[in-house]
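# Fold and geometry: a report
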Amino acid sequence: MATETLTPMMQQYQGVRRTLPPDTLLLFRLGDFYEMFFEDAKEAAGILNVALTRRGAVPMCGVPYHAAEGYIARLVKAGKRVAICDQVEEARPGKIVRRELTQVISPGTISDLNLLDSKKNNFLAALCRQKGRFGFAYVDTSTGEFRLAEFEGRGALEDELARVCPAELLVSDQEAEPLLGPEDGALPCDGYTFLPDQAEYTLKEHFKVQSLDGFGCAGFGPAVGAAGAILHYLKHQMRRSVEHLTRLSVYHHHTYMTVDAASQANLELVASRGARDMSLLNALDKTVTPMGGRLLRQWLLHPLREVAPLVERQEVVATLLEDISLLDGLREALRQIRDVERTVGRLSQAGGNGRDVLALRNSIEQLPALRAQLAGAGHVALAARLREEVGEFPELAQELARALVDEPPLAIKEGGIFRDGYNADLDALRNACHEGKEWIAQLQAREIEATGIKSLKVRFTSVFGYFIEITKANLASVPEHYIRKQTTVNGERFITPELKEMEGKILGANERSQALEYELFGILRERVLDHLATLQQTAAAVAALDVLVSLAETARLYGYCRPQLNEGLRLSIRDGRHPVLDQNLGEEKFVPNDVELDGGSHRLHIITGPNMAGKSTFIRQVALIVLMAQIGSYVPAASAEVGLVDRIFTRVGANDDLSRGQSTFMVEMNETANILNNATERSLVILDEIGRGTSTFDGLSIAWSVAEFLHDGPKARTLFATHYHELTELAMTRPGVCNFNVAVREWNDQIIFLRKIVEGGADKSYGIQVARLAGLPASVIARAKEILSNLEQSELNAEGRPQLAETAASAATPRRREKKGPDERPQLSLF
Ligand code: ADP
Ligand code: MG
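Residues numbered from 1 in each chain as written. Chains lettered and ligands numbered in written order. Predicted model: local features only at pLDDT ≥ 70, side-chain atom pairs only at ≥ 80, totals over all residues. Heavy atoms only, no water.

A few words now on the sheet that holds strand β21 (residues 604–608). In spatial order, the strands read β13-β23-β24-β25-β21-β26-β27; together these seven strands make up an open sheet with mixed pairing. With one partner strand each, in any of the chains shown, β13 (258–259) and β27 (750–759) form the two edges of the open sheet. Against the sheet, helix α20 (residues 615–629) touches β13, β21, β23 (647–651), β24 (684–688), β25 (717–721), β26 (737–747) and β27, its axis set at about 160° to β24. (Pairing = 2+ DSSP bridges. Helix = DSSP H or I, 4+ residues; strand = E, 2+ residues; numbered from the N terminus. Contact = heavy atoms within 4.5 Å. Axes fitted to C-alpha atoms, helices over the stretch in contact; angles between N-to-C directions.)

Attention now moves to the sheet that holds strand β9 (residues 145–151). Taken together, the six strands give an open sheet; going across it, the order is β11-β10-β7-β8-β9-β12, and neighbouring strands pair in mixed fashion. On the outer flanks of this sheet lie β11 (187–189) and β12 (249–250), each paired with one strand and no other. Here strand β10 (residues 168–172) pairs with β11 via three bridges, running parallel. Residue pairing for β11: V171 is matched across the bridge by P188. On top of the sheet, helix α6 (residues 222–237) reaches β7 (124–130), β8 (133–140), β9, β10 and β11; it is set at about 35° to β8, its chief contact.

We now examine the packing of aromatic side chains. Scanning the entire structure with this criterion turns up 16 aromatic pairs. Taking 4.7 Å as the distance between ring centres and 70° as the angle between the ring planes, the aromatic pair formed by F123 and Y138 counts as edge-to-face. Placement of F123 in the loop between β6 (99–105) and β7 and of Y138 in strand β8 is noted, with a sequence separation of 15 residues between them. Residue classification places F123 among the buried residues on the basis of a relative accessible area of 2%. Taken together, the aromatic side chains of F123, F136, Y138, F151, Y251 and Y256 make up a single cluster linked through ring pairs. R29 extends its terminal NZ or CZ atom over the ring of Y34, reaching a point 5.9 Å from the ring centre. (Phe/Tyr/Trp six-rings, centres within 6.5 Å; stacked < 30°, edge-to-face > 60°. Buried < 20%, exposed > 50% of the residue type's maximum accessible area, 1.4 Å probe, protein only. Lys NZ or Arg CZ within 6 Å of the ring centre and 35° of its normal.)

When the terminal C-alpha atoms of helix α10 (residues 307–322) are compared, their 22 Å separation across 16 residues agrees well with the 22 Å that a helix rising 1.5 Å per residue should span. By the burial criterion, the buried members of α10 are V307, L310, R313, Q314, V316, V317, A318, T319 and L320. (Expected span 1.5 Å × (residues − 1).)

Here is the structure:
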């Protein structure tokens, strides 16, 4: 549309629009509504389910100003960036109102508590590529956490992205093609802000340092680019205060155990698929502060790979379990502490209100008690360190106690925040106001006496202020000096000069006291922010302590044991239980099971058994126990030894990923390829029903060769659950392969699940018995049995050897079939 044909209002709109990135929805204040136009209107009308209308050729939709918050929340939840343009002056006839952008809200920069999940970080991230290396940085603007790392390959980067799961992702608009794929949802930003020199300058200026080496950034290229771009975006695009970003932490992804995106989902680490939350996080989470809840989630997504820091955590848990009163005492003290991290974050972004400050006061008042409790664990290194990091703020606590009323309001411009006696000027204004109101309260009695009108009333409305109301019957008795203001149905309203003067005094004093309280609140906020860095450090220590206390509490409740950790390849679990099912089984008791992997002769276990026997549960439980051990947690077992794992790989179930347009089988093979290409001797591989997504022969063949490859190549510790009982024959040809099955008993042609893992392979699939349990008609079951017996007759070759074990070469040499006992393994040379 040419500019000259636009109304002045639309010209103003276009002016604002031009300063915003194209995919930002602009909410433009028009009277009592926020209006959206053009494409914005079409998109928002769909998301909000409001009517799309037209003004001339322009599509538009609007939401009422007073209810805007809820609508904005829905737009942001839908992943949209929302810019708010407000009227910044009173409307005057014949003149266009001045409007300005007042806020930009995006999914990654939310600070509104109602939109945030208290137990989850909300990250804004940026990606930057330089010379084939990837830089990654992310920030939680609500807490002030700011981290960066570099990655050699796209695979590791994608795994990290799955863990961090940013709400918003920035990339340079100079990238010729999408860094992650066409649908990565990343926001292209000014490429200049990602350039090494510019980014470094942005960061150095913000942190007021000469060099970034102090943060451990020496030698970092693209990650600095990403971090600089984030900071620039926050400051200039989003117009945010970034004062509370006081630290930049570099991390190296190989200090963590890798749990790729698929495994994270398969193992249901932090979220589960069903309606009920069956995630590991939910089963373990006994944290009592929001900071602790967020950190436990981070720990689960970032298990460690070194013994020392894990043993440090274990030591704290052990001490708490030895001294239950200390454990209870710490939990009680922690329970009183609010979300200090986010409160401080809000205050430093010029947000926050009296209730935030009150919450902060209540929290810091608990700190001395918390530190005193912690002294009880002072002999444990990590506990002593955390105690050091928890600050005490006696003067600040005192000042806040003196300043704030017990129940401050949400608003900060309407007064009522501060106690009487806190500030002399405020007291004087409040007194003036109070006295004026007293005077008016007595006015009614005085005037009734003076006029003799018994029904005379002094009243107040926000539109007319104070007035004297006289009913119709008494109008004749109204004194001369009353000034008539308004006629109502029942009578008339009057004022007197005296009354108006007092009203002016009251309203003036009230207005001034509100303004003063607003100013005082700003000063109080500054007093809090003087302690910004120590408050943040305290919050971080409280979070870590809360997680450790939570680990101890869970261990106590469910009878966990302390796993022995080392650098070896042994993985030995006695009476292990599935941490989630164990808590949820109810009547039926969970049957514990053992596992013994050693990277040598027990390197790959084939676990067979009918459907529903408990194979999947068992192999997941082993992975979850290892993962728990590697965050420093105790584990659901009688005893455990864990030779630390560098990665957990899982290939579990038939996962449809139709949204990515891939068939089940293709997804399965992608995940399998990833495992075969990346597993190492230190990895733990969990394979569940490989090859299910294709025909039996195809599937069995693939499963067989995958198992052979893992055994011969990476030698990773592997649990392979399968209903192809033919795979048990692998143990005859490979020295590291052992067979196990989940015991079942047949009784009157019925099947009873014992849930116990025992040595040896399952002799058959029991598929038909399970089908019977599911209620297939008897005739179908009978016919299936007939067909099965036909098929089974052709399973062995002429010499009675399993046909599947053969290779093109070995087929030529005849051999004898031999069942392997637990301790006698066939010599490889035999084949
Ligand atoms: P499979 O993979 O062999 O088909 P699952 O592992 O899915 O079997 O287990 C089926 C069901 O059996 C689970 O949902 C669970 O309720 C129950 N179950 C599995 N293992 C155990 C166990 N050790 N103790 C008690 N119940 C179990
Ligand atoms: Mg299964």
